Amino acid sequence: MARAPLSPATRTLGERVRERRHALGVSQEQLADRAGVHWTFVSQVERGLRNVNLHNLLKFAEGLDLDAGALIEGLRPPREEL
């Protein structure tokens, strides 16, 4: 059974990473090499299963030839349920 994304924000970030990766014509493995991360991490981010820290966000942006702001523009933190 597939796991659900952690939040709408992680889902959207993952979609943006995947779309840009496809636009560049690179595989997850190639992006991982470009960004200096493991390919399984790329997969988890693309599926919204990982909450990316600042340093990894910057690595992804560099590997995708983007400004990091393009990856997070308009995203909102998840609502806390009380």
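Bear in mind that the values here come from a model prediction, so they are computed numbers and not experimental data. (Residues numbered from 1 in each chain as written. Predicted model: local features only at pLDDT ≥ 70, side-chain atom pairs only at ≥ 80, totals over all residues. Heavy atoms only, no water.)

## A few points about the UniProt feature "domain: HTH cro/C1-type" (unreviewed entry) in the protein chain
The UniProt entry lists residues 17-71 under the feature "domain: HTH cro/C1-type" (unreviewed entry), expressed in the numbering used here. Regarding residues 17-71, the helix share stands at 69% and the strand share at 0%, and the terminal C-alpha atoms are separated by 7 Å. (UniProt positions renumbered as here; feature names shortened; annotations may be inferred. Helix = DSSP H or I, 4+ residues; strand = E, 2+ residues; numbered from the N terminus.)

## Section: the pattern of salt bridges
Scanning the model with the defined rule gives 4 salt bridges in all. With its nearest N and O atoms 3.5 Å apart, the salt bridge here joins Glu-46 to Arg-18. Residue Glu-46 is located in helix α3 (residues 39-46), and its partner Arg-18 is located in helix α1 (residues 8-24); the two are separated by 28 residues in the primary sequence. Glu-46 sits in the buried class, given a relative accessible area of 3%. For Arg-18, a relative accessible area of 28% translates into the label partly exposed. Residue Glu-46 is joined to Arg-21 by a salt bridge in which the shortest nitrogen-to-oxygen separation is 2.5 Å. Of this pair, Glu-46 sits in helix α3 while Arg-21 sits in helix α1, and the two are 25 residues apart along the sequence. Judged by its relative accessible area of 7%, Arg-21 is buried. Residues joined in a network through salt bridges with shared partners are Arg-18, Arg-21 and Glu-46. (Salt bridge = Lys/Arg side-chain N within 4 Å of Asp/Glu carboxyl O. Buried < 20%, exposed > 50% of the residue type's maximum accessible area, 1.4 Å probe, protein only.)

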